[in-house]
Amino acid sequence: MKYISTRGQSETRTFVQAVIEGLSRDGGLLIPERIPDLSDQLTTLKNLSYPKLALEIFKPYIEDEFSIETIERLVNQSYSVFTTPEVTPIRFTDSVAILELFHGPTLAFKDIALQFLGNLFEEILKKDKNPLNILGATSGDTGSAAIHGVRGKDGITIFMLHPKGKISPIQEKQMTTVLDDNVVNIAIEGTFDDAQRIVKDIFTDLDFKDQYHLGAVNSINWARVMAQIVYYFYAAFQFQKKYPNQPIVFSVPTGNFGDIYAGYLAKKMGLPIEKLILATNENDILFRVINSGIYKIGNVAETYSPSMDIQVSSNFERFLFDTFGKDGDLIQEKMDSLSQTSEFQLSQEQVQSVQKELLAVRIDNDQTLKTIKKYYDQGILMDPHTAVGVAAAESSSYKHVICLSTAHPAKFSEAVIKATGEDAEKPASLEGILEQESRCLTCSQDKDAVKKIIIEKLKSIK
Ligand SMILES: *Cc1c(COP(=O)(O)O)cnc(C)c1O
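None of the values given here were measured: they were computed from a predicted structure.

> Just give me the short version of the sheet that holds strand E8 (residues 214-215), but keep the residues and values in it.
Spatially, five strands are ordered E8-E5-E6-E7-E15 in an open sheet, and the strand pairing comes out parallel. Each of the sheet's edge strands pairs with one partner strand only, and the pair in question is E8 and strand E15 (441-444). Pairing of strand E5 (residues 132-137) with strand E6 (residues 156-163), which is carried by six bridges, proceeds in the parallel orientation. Looking at the pairing, Asn 133 lines up with Thr 157 of E6. Of the strands in this sheet, E5 and E6 are in contact with helix H5 (residues 110-127), which crosses E6 at around 145 degrees. Across the sheet, helix H8 (residues 192-204) touches E5, E6, strand E7 (183-189) and E8, and the angle it forms with E5 is around 145 degrees.

> Tell me about the nonpolar core, and name the residues and values.
What tends to happen in soluble globular proteins is that the nonpolar side chains get buried as a cluster. Ranked by size, the top nonpolar core spans 107 residues in total, and within it Phe 15, Phe 58, Leu 120, Tyr 232, Phe 233 and Phe 250 carry the most contacts. Among the elements that line this core, the one with the most residues is helix H10 (residues 222-242), at 15 residues. By size, the runner-up hydrophobic cluster in this structure holds 24 residues, among which are Ala 387, Ala 393, Ala 415 and Ala 419.

> Describe in detail the packing of H5 against helix H6 (residues 141-150), supporting the description with residues and values.
Between H5 and H6, the least distance of the axes is 8 Å, while the angle of their chain directions is 35 degrees. Handedness of the H5/H6 crossing: right-handed. Seen from H5, the contacting residues are Lys 110, Asp 111, Leu 114, Gln 115, Gly 118 and Asn 119; seen from H6, they are Asp 141, Thr 142, Ala 145, Ala 146, His 148, Gly 149 and Val 150. Partitioned by chemical class, the residues of the contact of H5 with H6 number four nonpolar, six polar and three charged.

> Explain the site of the ligand residue by residue, including any values.
Neighbouring the ligand are 15 residues; Lys 110, Asp 141, Gly 255, Asn 256 and Thr 406 lie closest to it. Here an oxygen atom of the ligand sits 2.7 Å away from a polar atom, N or O, in the main chain of Asn 256. Between Thr 406 and the ligand, the recorded distance is 2.9 Å, taken from a side-chain N or O atom to a nitrogen atom. By residue class, the composition of the shell around the ligand is five nonpolar, seven polar and three charged.

> I'd love a proper account of helix H14 (residues 328-341), names of residues and values included.
Taking 1.5 Å of rise per residue, the 14 residues of H14 would be expected to cover 20 Å, and the 20 Å separating its terminal C-alpha atoms lies within 8% of that figure. Gly 328, Leu 330, Ile 331, Lys 334, Met 335 and Leu 338 are the residues of H14 that are buried. Within H14, the buried residues cover an arc of 160 degrees as seen down the axis, which keeps them to one side. Those residues of H14 that are exposed and aimed more than 90 degrees away from the buried face are Asp 329, Glu 333 and Gln 340.

> Before we move on, can you summarise the pattern of salt bridges with the specific residues and values?
Using the criterion set out here, one finds 24 salt bridges in the structure. Across the pair Glu 317 and Arg 7 runs a salt bridge, and its minimum N-O distance is 2.8 Å. Here Glu 317, found in helix H13 (residues 316-323), pairs with Arg 7, found in the loop between strand E1 (3-5) and helix H1 (15-21); they are 310 residues apart in sequence, far enough to count as distant. Taking relative accessible area as the criterion, Glu 317 reaches 6% and is therefore assigned buried. One salt bridge connects Arg 13 with Glu 21, and the closest N-O pair in it is separated by 2.7 Å. Here the residues in one salt-bridge network are Arg 73, Glu 123 and Lys 126, joined through shared partners.

> Talk me through helix H18 (residues 413-420); I want residue IDs and the actual numbers.
Every buried residue belonging to H18 is among Ser 413, Ala 415, Val 416, Ala 419 and Thr 420, and all of these are buried. All buried residues of H18 fall inside an arc of 165 degrees around its axis, so they share one side. Relative to its buried face, H18 has exposed residues pointing more than 90 degrees away, namely Glu 414 and Lys 418. On its buried face, H18 sits against helix H16 (365-376) and helix H17 (384-395). Taken from the residues just after H18, Gly 421 is the one with a positive phi, measuring 80 degrees.

Cut-offs used in this document
- Residues numbered from 1 in each chain as written.
- Predicted model: local features only at pLDDT ≥ 70, side-chain atom pairs only at ≥ 80, totals over all residues.
- Heavy atoms only, no water.
- Pairing = 2+ DSSP bridges.
- Helix = DSSP H or I, 4+ residues; strand = E, 2+ residues; numbered from the N terminus.
- Contact = heavy atoms within 4.5 Å.
- Axes fitted to C-alpha atoms, helices over the stretch in contact; angles between N-to-C directions.
- Core = buried A, V, L, I, M, F, W, Y, C linked by side-chain atoms within 4.5 Å.
- Buried < 20%, exposed > 50% of the residue type's maximum accessible area, 1.4 Å probe, protein only.
- Left-handed = near helix turned anticlockwise from the far one by under 90°.
- Nonpolar A, V, L, I, M, F, W, Y, C, P; charged D, E, K, R; others polar.
- Near = heavy atom within 4 Å.
- Polar contact = N/O pair within 3.5 Å; in protein donor to acceptor, adjacent residues only side chain to side chain.
- Expected span 1.5 Å × (residues − 1).
- Arc of directions from axis to C-beta.
- Salt bridge = Lys/Arg side-chain N within 4 Å of Asp/Glu carboxyl O.

The values reported here are purely geometric and, on their own, carry no functional implication.
Shown next as structure tokens:
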């Protein structure tokens with residue numbers, strides 16, 4: 001399978017190139033040149049275990065670069081670390097179905113993609129003589145899942161920046177208590193935006209990037225999206241066994257549009273999904289563009305669901321490209337407008353084609369807490385991100401919506417206590433974590449100081 005850019009200007013890439021490079025050279029995102037159709041295999045696929053299903057879904061995207069045995073090994077390695085053999089179990093309530101995506105090492109859905117990506121990187125590096133040095137900034141979930149995905153792996157070092165004192169204590173400890181030699185945590189004296197700006201600045205210094213073999217693991221990475229397609233199939237099959245005649249609708253708490261885009265791909269691959277409900281919190285840029293056609297960058301509001309507190313939603317570009325007939329020039333035009341005026345506009349017709357796939361709902365802080373409480377009273381505790389998706393599903397006319405539960409409630413104690421008066425029970429991996437030994441460097445918000453840390457660390461490895 002070849003990979004093409006959403007801006008249509010670059011040459012095609014292989015899967016491995018797409019995974020290592022992340023972004024296309026023309027600034028666009030990489031996507032497969034065609035989406036494989038599995039619709040005539042659904043009856044076979046529906047009886048497979050999660051890892052076997054993952055293998056079948058990954059195959060068409062990567063089989064010309066990896067043997068089936070290798071893909072199978074990577075998949076088994078990635079999903080055996082989950083604490084349930086189903087990997088992503090589904091729980092049916094009287095109203096909605098809750099798809100639990102938080103049984104990985106850091107208790108959030110990003111583990112599903114980043115466990116696989118870590119193993120994939122390691123496999124790629126066996127053939128490539130160069131090391132890979134991952135640089136990223138995190139406001140919480142991505143950083144810890146990425147660190148757990150690559151800890152202890154040969155040839156890989158990870159440098160993860162977070163805003164000092166501005167992420168939850170548990171999230172911080174999930175990163176800094178990983179003491180493997182290839183993990184470097186850096187607390188930046190500033191905000192998340194400062195940390196992210198430093199990373200962007202370092203990546204635009206192409207000489208530095210090439211010299212130190214820097215790579216990224218952000219949510220635009222194609223392998224991450226691909227790994228997330230699997231649980232849509234897996235959940236839909238379980239759902240059909242319980243409700244054979246019910247249309248399949250998913251509700252997805254959305255930030256960067258990576259998770260829900262995987263749902264869209266599942267549909268394109270032949271899974272009969274009736275609708276995808278896109279749930280946003282008060283950071284509602286996607287809600288606005290889908291309902292009004294205007295994509296306009298505003299200020300970030302702090303909410304109870306911080307992993308969805310975003311300004312721009314990168315993966316949305318992939319969806320637009322596909323929905324608008326793979327017109328790279330059109331996407332380039334929209335993105336130029338975005339960088340010049342902080343907004344772009346969709347035509348009435350374009351809005352209609354987006355709405356055919358997505359129903360967008362905005363859920364505020366108050367509704368989030370009320371939803372946590374309502375389900376708590378029925379014996380079900382959910383985290384605030386999940387609650388945004390569940391509230392969105394309830395506000396729609398669809399019945400038995402499959403709601404993606406993207407984090408374990410114990411990760412977001414503040415909102416859970418506020419809603420219910422009680423903290424969630426801590427799973428084993430968080431037991432005593434606040435007291436464990438940790439390691440973290442502190443650095444001013446200065447890209448040269450961060451570069452110096454990278455240079456020194458890499459010198460010490462050689
Ligand atoms: C990252 C994240 C999201 C948002 O997912 P996107 O792929 O960015 O849309 C939702 N919930 C949690 C807990 C997350 O960590």
